[in-house]
Amino acid sequence: MTMTLDETLALASISHGTVIDHIPAGQGMRLHRLLQLDNAKVCVTIGLNLYSPTMGKKDMIKIEGIELSPEAASKLAVFAPSTTIAIIKNSEVAGKFSVSMPEVIADVIQCPNPMCVTNYEKTDRLFYVNPAGKNNFLRCKYCEKTYMQDEII
Ligand SMILES: [Zn+2]
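Since this is a predicted model, take the numbers as computed values, not measurements.

Caption draft 1: The coordination of the zinc ion, seen in detail. Protein coordination at the zinc ion: the donors are Cys111 (SG), Cys116 (SG), Cys140 (SG) and Cys143 (SG), at 2.3 to 2.4 Å from the metal. Considering all four donor atoms around the zinc ion, the spread of angles at the metal, 101 to 114 degrees, places the coordination shape in the tetrahedral class. Take Cys143: its relative accessible area is 24%, and that puts it in the partly exposed class.

Caption draft 2: Structural detail: the nonpolar core. Core analysis: the largest hydrophobic core is formed by 29 residues, its most contacted members being Ile20, Ile109 and Leu138. Going through the elements one at a time, strand E1 (17–24), helix H2 (28–34), strand E3 (56–64), strand E4 (84–89), strand E7 (126–129) and strand E8 (137–140) are the ones with two or more residues in this core. Built from parts of two domains, this core gets at least three residues from each of domain 1 (5–98) and domain 2 (104–151). In contact with Ile20, not counting residues within four places along its chain, are Leu35, Asp59, Met60, Ile61, Ile63, Leu68, Leu76, Thr83, Thr84 and Ile85.

Caption draft 3: Seen up close, the domain arrangement of the protein. For the protein, the assigned domains read domain 1 (5–98) and domain 2 (104–151). Between the C-alpha centres of domain 1 and domain 2 the distance comes to 25 Å. Surface buried jointly by domain 1 and domain 2 totals about 640 Å² across both partners, of which 64% is contributed by carbon and sulfur atoms. Across the domain 1-domain 2 interface, the total number found is one salt bridge. Here Asp150 makes a salt bridge to Arg30, at a shortest N to O gap of 3.8 Å. Where domain 1 meets domain 2, there are three residue pairs in polar contact (both at pLDDT 80 or more). Each residue belonging to the side of domain 1 that touches domain 2 can be placed in one class, and the counts come to three nonpolar, two polar and two charged.

Procedures and definitions
- Residues numbered from 1 in each chain as written.
- Predicted model: local features only at pLDDT ≥ 70, side-chain atom pairs only at ≥ 80, totals over all residues.
- Heavy atoms only, no water.
- Donors = N, O, S within 2.8 Å, 3.2 Å for Na, K, Ca; no water.
- Tetrahedral: all angles 85-135°; square planar, octahedral: opposite > 155°, others 65-115°.
- Buried < 20%, exposed > 50% of the residue type's maximum accessible area, 1.4 Å probe, protein only.
- Core = buried A, V, L, I, M, F, W, Y, C linked by side-chain atoms within 4.5 Å.
- Helix = DSSP H or I, 4+ residues; strand = E, 2+ residues; numbered from the N terminus.
- Domains from an automatic or database assignment.
- Contact = heavy atoms within 4.5 Å.
- Buried area = accessible area lost by both parts, 1.4 Å probe.
- Salt bridge = Lys/Arg side-chain N within 4 Å of Asp/Glu carboxyl O.
- Polar contact = N/O pair within 3.5 Å; in protein donor to acceptor, adjacent residues only side chain to side chain.
- Nonpolar A, V, L, I, M, F, W, Y, C, P; charged D, E, K, R; others polar.

Put into structure tokens, the structure is as follows:
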């Protein structure tokens, strides 16, 4: 999957950081929350419903100054498995990778169950991804409830 010039230029380019591309349209803001970028104090550009020749519409996030690790990017796979990550150095693509599905997601997801202990005590949050082989599901370690990915956040 190579980015065409048009796609690359759809958002202002960055000199050093990360481009998260091929996000399914509608998931961009969710990925932004998952990455906790509102606390990051770095320059973030988000494009929603951009034209994509392969996807029709897509979202894209550019983060100046942060190189996302494959581990950090893997939590995006649950909501956007087709997403590709490009690391930018000196205004050029220095590396690319696809997101891989993690086994667990820690800390970033709030459990939708209001009775769950993680919502009223300061406890680590942990979700199992695709429990028992069920695709697009997440299970809370603490209340053991299973949620479809669309019910999260
Ligand atoms: Zn829970």
